[in-house]
Number of protein chains: 2
Amino acid sequence: MAEVVKVIGSYSSLFCTRIEWALKLKGVQYEYLEEKDLLNKTPLLLKSNPVHKKVPVLIHNEKAIAESLVILEYIDDRWKENNPLLLPEDPQERAKARFWAKFADDKCVFGAWKACHTEGEEKAKALESAAESFAFLEKEIEGKKFFGGEQIGYLDLALGWIPHWLNVLEELGDMKLVDAQKFPFLNEWAQNFIETPVIKECLPPREKLVKYFTSSLSYMRSLAAKKQ
Amino acid sequence: MAEVVKVIGSYSSLFCTRIEWALKLKGVQYEYLEEKDLLNKTPLLLKSNPVHKKVPVLIHNEKAIAESLVILEYIDDRWKENNPLLLPEDPQERAKARFWAKFADDKCVFGAWKACHTEGEEKAKALESAAESFAFLEKEIEGKKFFGGEQIGYLDLALGWIPHWLNVLEELGDMKLVDAQKFPFLNEWAQNFIETPVIKECLPPREKLVKYFTSSLSYMRSLAAKKQ
């Protein structure tokens, strides 16, 4: 049977691009379906991810898989023969990659977004907490080109939002989280990562992200104003 | 080198017992170290999990791994030769198990606890939302003995808190979440699971859990009272 691989995604979602990167790295052909209006979702998305109703979804030969880190593991499991292996072979190293990917999704993504949309004392606290989280990643990348070693792996893809999306949040939130002085190794990694052709080719235009997050920020701030 | 396997855990934590179950199922000998006072953590725990400072931690030949679902994957990867395999071999089935384990930890554990410690309208909403989450699991287990098929696997271990811990929360929160009428398949699974000798042998005494959660509930309610 011919392989039919589809990705339902949104250009705005840092969780979606990691899936496209993984497929491109593995040389898997796929069709990308942009979910254009996240406030009015397509029947295909609702049918494919009835639990969370969120992008990304990978549809492989009509079977759907959701949750971006689960999808990355699936891609590595299913196309094991295609280099590169995304997860390391050593069980201890695999566990480390999974631990940090979960940590980054739970703490760094959430922390950066909170620091971006809050103000005053709440923002100061969020910035401090996010900086603590990024400091763990700085320690992890010290002395390595990629989190995956000499080549891009699962954890690099999971953190791949840092050089592009975080940069937009930093601008809009008038803050600097991953400062080159404080986080020299993370900055060097970010450069290495984003300059890799397959990664660079598959980034949403910065101005589209700025527009999207400007609108999300207005919404979050109007909610906060209502609460006061 | 002789294998040295240690588990730092707490009898109260549903995230810890799943690790012990996995090791017992795989026939891996380990030393269990009870973290007796979670308000005054041991230097070993702080050193082994400096990021989250939480149980469980698995220490294998002096290398520490944290996050219970990551530890389960590690145990399956590291002792691949020891039956049973916890995760299925088929990539699609592996993805499903990972998806539901994350779902249950994010939605069902949190939802049950919220329904337990809240009151009034907030409790009613939490109960409704938790029931929706458990309904997904009911659909998944229909027609199967275990989530892992004929034998206990990764997802069964991740959901293993339902027949023991949830039962305590239901009693203390004066609620019934996994009702035998509404959730007949989940109830049948719960019975099959908890009656399995290796699972039954490794459960904390119910009265200790009641005591622990009674105290946690008082604390949560005192926080809620202060807010009002």
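What counts and how
Residues numbered from 1 in each chain as written. Chains lettered and ligands numbered in written order. Predicted model: local features only at pLDDT ≥ 70, side-chain atom pairs only at ≥ 80, totals over all residues. Heavy atoms only, no water. Core = buried A, V, L, I, M, F, W, Y, C linked by side-chain atoms within 4.5 Å. Buried < 20%, exposed > 50% of the residue type's maximum accessible area, 1.4 Å probe, protein only. Contact = heavy atoms within 4.5 Å. Helix = DSSP H or I, 4+ residues; strand = E, 2+ residues; numbered from the N terminus. Least-squares fit on C-alpha atoms with pLDDT ≥ 70 in both. Salt bridge = Lys/Arg side-chain N within 4 Å of Asp/Glu carboxyl O. Pairing = 2+ DSSP bridges. Axes fitted to C-alpha atoms, helices over the stretch in contact; angles between N-to-C directions. Phe/Tyr/Trp six-rings, centres within 6.5 Å; stacked < 30°, edge-to-face > 60°. Lys NZ or Arg CZ within 6 Å of the ring centre and 35° of its normal.

As recorded by an unreviewed UniProt entry, chain A carries the name Glutathione s-transferase and is attributed to Melia azedarach.

A.B. asks: Residues and numbers for the nonpolar core, please.
C.D. replies: Grouped together as the largest cluster of nonpolar side chains are 70 residues, with contacts concentrated most on Leu23(A), Leu58(A), Phe134(A), Leu157(A), Trp161(A) and Trp189(A). When near neighbours in sequence (up to four residues on either side) are disregarded, Leu23(A) contacts Val5(A), Val7(A), Val28(A), Tyr30(A), Leu58(A), Ile75(A) and Trp79(A). Leu23(B), Tyr30(B), Tyr74(B) and Phe146(B) belong to the second-largest nonpolar core, a separate cluster that totals 69 residues.

A.B. asks: Which residues make up helix α7 (residues 162-172) of chain B, and what are the values?
C.D. replies: Residues and elements named next belong to chain B. Burial of α7 is extensive: nine of the eleven residues sit out of reach of the surface. All of the buried residues in α7 are Ile162, Pro163, His164, Trp165, Leu166, Val168, Leu169, Glu170 and Leu172. Residues of α7 that are buried make contact with α1 (14-26), α4 (91-117), α5 (120-141), α8 (184-194) and α10 (206-227). The first or second residue beyond α7 is aspartate 174, which carries a positive phi of 50 degrees.

A.B. asks: Can you lay out the relation of the copies chain A and chain B for me, pointing to particular residues and giving the numbers?
C.D. replies: Superposing chain A onto chain B takes a rotation of 180 degrees combined with a translation of 0.0 Å along the rotation axis, leaving an RMSD of 0.0 Å. Within this description, the copies of the chain are treated as partners about a two-fold rotation axis. Both copies present the same face, since 100% of the interface residues in chain A are matched by interface residues at the equivalent positions in chain B.

A.B. asks: Run through the environment of Phe99(B), naming residues and quoting values.
C.D. replies: Turning to its location among the elements, Phe99(B) is positioned in helix α4. Along the backbone, Phe99(B) and Val4(B) are 95 residues apart, and their C-alpha atoms lie at a distance of 31 Å.

A.B. asks: Can you explain the pattern of salt bridges? Please cite residues and give values.
C.D. replies: Think of it this way: side chains of opposite charge can pair up when their charged atoms draw near. On inspection of all chains with the given rule, the structure shows 26 salt bridges over all chains. Notably, a salt bridge pairs Arg206(A) with Glu171(A), separated by 2.9 Å at the nearest N-O pair. A residue pair is termed long-range when its members are at least 10 positions apart, and Arg206(A) in helix α10 (residues 206-227) and Glu171(A) in helix α7 (residues 162-172) qualify at 35 residues. Overall, Glu171(A) belongs to the partly exposed group, its relative accessible area being 46%. Across the pair Lys96(B) and Glu140(B) runs a salt bridge whose closest N-O atoms are separated by 4.0 Å.

A.B. asks: Residue-level account of the sheet that holds strand β4 (residues 63-66) of chain B, with values.
C.D. replies: All names here are of chain B. Reading across the sheet, the four strands line up as β2-β1-β3-β4 and stay open at both edges, with mixed pairing between neighbours. Bordering the open sheet on either side are β2 (31-34) and β4, each of which pairs with just one other strand. On average, each strand axis in the sheet is tilted by 20 degrees relative to the strand beside it, whichever way the strands run. In this sheet, β4 lies alongside strand β3 (residues 57-60) in antiparallel orientation, the contact comprising four bridges. Looking at the pairing, valine 57 lines up with alanine 66 of β4.

A.B. asks: With reference to specific residues and values, describe the packing of aromatic side chains.
C.D. replies: All names here are of chain A. On inspection of all chains with the given rule, the structure shows 24 aromatic pairs over all chains. Centre to centre, the rings of tyrosine 74 and tryptophan 79 are 6.2 Å apart; their planes meet at 85 degrees, and the pair counts as edge-to-face. Here tryptophan 79 falls in the buried class, since its relative accessible area comes to 7%. Ring centres of phenylalanine 99 and tryptophan 100 lie 5.0 Å apart, and the angle between their planes is 85 degrees; this geometry places the pair in the edge-to-face category. Taken individually, phenylalanine 99 and tryptophan 100 each receive the classification buried, so the pair is uniform in this respect. Linked through ring pairs, Tyr11, Trp113, Tyr212 and Phe213 together constitute an aromatic cluster. Lying across the ring of tyrosine 11, lysine 208 places its NZ or CZ 4.2 Å from the centre.

A.B. asks: Talk me through the pairing of β3(B); I want residue IDs and the actual numbers.
C.D. replies: Residue and element names in this part refer to chain B. Side chains Val57 and Ile59 of β3 all project onto a buried face; the interleaved residues Leu58 and His60 project onto the opposite face, where all are buried too. Relative to β3, strand β1 (residues 5-9) runs antiparallel, the two being bridged by four bridges. The residue of β3 that forms the bridge with valine 5 is histidine 60.

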